[in-house]
Each structure stands twice: as C-alpha cells, then as structure tokens.
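Residue-level structural notes
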Amino acid sequence: MPELPEVETMRRGIAAVRGARVAEVVRPRSRLRPMTIEPAGPRLRARLRGAAITDVDRVGKRVVIGLDTGERLVFEPRMTGLVLLRDPPTDEHVRLRLALEGAAWPELIFWDRRGLGTVRLLDEAAFRAACGPPRLGPDALGLPAEALRARLEGRRRPIKVALLDQAALAGVGNIYAAEALHRAGLHPARPCDGIAPAEWAALHRALQGVLEEAIRARGSTLSDRTYRTAESAEGGFQASHRVYARAGQPCRGCGAAVVRIVQAQRSTFFCPGCQR
DNA sequence: CGTTCAACCTGGGCGC
DNA sequence: TGCGCCCAGGTTGAAC
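Described in the following lines is the structure provided in the data block. (Residues numbered from 1 in each chain as written. Chains lettered and ligands numbered in written order. Predicted model: local features only at pLDDT ≥ 70, side-chain atom pairs only at ≥ 80, totals over all residues. Heavy atoms only, no water.)

**Re the side chain of Glu-76**
Residue position: Glu-76 is located in strand β5 (residues 72–76). In this structure Glu-76 touches Arg-62, Phe-110, Gly-117 and Thr-118, once residues within four positions along its chain are discounted. (Helix = DSSP H or I, 4+ residues; strand = E, 2+ residues; numbered from the N terminus. Contact = heavy atoms within 4.5 Å.)

Okay, here's the thing in structure tokens:
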C-alpha cells in the first residue's frame, strides 16, 4: 500500500512524538503469524526503553525514527502496514505499541493486516546498509531532472519496471509509476534506452507533480480502505487517479478505455490513446 | 541483462 | 452458506 506520498503523510502525522521518551514497548499476542520485528525477544524492549526520539524522517517508503542512543527505528509498511498515533482499524493486527512520555502524544502504533511489513532497530552501520546506496537510490521526491534521467537511462528494461526499482530511485510504487507515466504520455513498456531528452523532462515534471499533489491530498486510500493517515483518516488522492485500477473505464483525457497489462508480475494500468 | 516464479501473509470480492 | 479462485499499495532470492 504505502508508497512515498502515503509514507510521507505518516511521517508528518507523527511529528508530535518528537522529543518523547520511550516508556514501554508492547508486542501484543495474537492468533496471527508474527511479523518481522528486530531484534526479537526481550532485546528490542531493552534497547528502546528510556531512549528519546530526536528525529522523525522518511527514506523512500520507510519511516525512520532517530533516537538519542544513535540507533534508528525503521518502519517498513510494505503492503498493509500503518504507523499510527491512534485508532487502529482492528486490535488484532496491532503489531507493536510504544508508550511514550514527555511529549505531545502518549503512544505510537504499528498496525499491519498482512504482516509483510518490518520494524527494525538499527545501529548506524546497519542503517546505512539497509537504507543507503546501493540498496536504495536517492529519494524520488525533489530528485533533480538530470538525476532522474541518469539513474534510469541506458538500459533496455521497460520504464515502468525501472520506476519501481528502489535501488535506482526510492519511493515510487505501482500507483504513482502508472500515474506519472500517464501524465507524461509515456507507454509503460517503452525501453529506457529509447526515451528522448524531452520525454525524460516530461516524466520528471509528471513524477514530481503527482507526488506533490498526492502528498497534499494525504495519499491514496484504495477500495479496500486499508491505508490511513497517522490520525486514522482516509487519504484523498484516489479521486484523482487517471489510470490506476481503472481498467475498462474511459481515460479522463481522451476517452479511450484504460488497459491493464502485467509487467514484472505487477499490474500496470495505462491509456493506449494517450501513452506512446 | 532481463525475465519469471515462488514465497512471505491476510482478507475482500466474485462466480458457482 | 460455502468453496475455490483471483486480486492487492512490496520485497527478496533463485532459476533460466
């Protein structure tokens, strides 16, 4: 679920925990298979209790909590994870609760229905390995046009597949790759090594525009209504989707039916009339 | 290099 | 009601 705009919305939504100290760490028992929370066992609690939150950042699709111990707590929501201040959609899918003291808000919750997400407490070296190059490329938000092109051009793979490559640039997922390509008028199957300079420029404008608008709308809550902001509100950008999850419906630009294809085992939506 | 498949999980929706 | 499919914002590793 959460791509860059949704994770950025979560990050902004939990700003109130800055300055707090971790009073308690709770991993509720449940019938569900346990998801990845590291370190396992009592060691997470031992390392987190008493730590103060100094920063609330984002890298790609991850929320990064900086601590005065020098370690970082990294939340990776993957498909159905949420970083919440309040009102989790269900109790049984609450995977981690941090009780806080000394700040504007008393708790932080990680909720995940499918449990494919991860929470990891990392020291400086482990954080660099997990969230820096070559594992993750530069963040897509605010990436200069020349950098976008330099990171993606030259190879034969389809532009849609390249946009999803987190090692090339971090943060773009299935929704915003499709929406950016539609705005740029680029067919998702176009090989990167055949894209002209003017098309790279158009793609850069389209990508920055769609990410900024989606953040302003607090992200996209799809039809299963899983994604929520930290305050448990739905996002609003789904109403502005031009192609994503709209197979068979008319393109809002030219009226042609939106098509669904599969690339790299993921759905791709595009308009055959507008995208060449 | 590019592509394909399977796996990790839970749950909603659909056809029968 | 239930069963069996297919689908889903993501990532990883193996195989060809």
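**Some thoughts on the nonpolar core**
Leu-152, Ile-159, Leu-163, Leu-169, Leu-203 and Leu-207 are the most contacted members of the largest nonpolar core, which has 37 residues in total. Within the residue set of this core, elements represented by two or more residues are α4 (145–152), α5 (159–163), α6 (174–184) and α7 (197–216). It is α7 that provides the largest number of residues to this core, a total of nine residues. When neighbours within four sequence positions are excluded, Ile-159 is seen to be in contact with Leu-152, Leu-181, His-187, Pro-188, Arg-190, Cys-192, Ile-195, Trp-200 and Leu-203. Listed in part, the 35 residues of the second largest apolar core include Ala-51, Leu-82, Leu-108 and Tyr-227. (Core = buried A, V, L, I, M, F, W, Y, C linked by side-chain atoms within 4.5 Å. Buried < 20%, exposed > 50% of the residue type's maximum accessible area, 1.4 Å probe, protein only.)

**Here's the deal with the packing of α4 against α7**
Where α4 contacts α7, the two axes come as close as 9 Å, and the packing angle between them is 115°. With respect to α7, the axis of α4 lies roughly perpendicular. Helix-helix and strand crossings are classified by hand; for α4 and α7 the assignment is right-handed. Residues Ala-145, Leu-148, Arg-149 and Leu-152 of α4 pack against Pro-197, Trp-200, Leu-203, His-204 and Leu-207 of α7. A class-by-class count of the residues in the contact of α4 with α7 yields seven nonpolar, one polar and one charged. (Axes fitted to C-alpha atoms, helices over the stretch in contact; angles between N-to-C directions. Parallel < 35°, antiparallel > 145°, perpendicular 65-115°, else oblique. Left-handed = near helix turned anticlockwise from the far one by under 90°. Nonpolar A, V, L, I, M, F, W, Y, C, P; charged D, E, K, R; others polar.)

The analysis is restricted to geometry; functional conclusions fall outside its scope.
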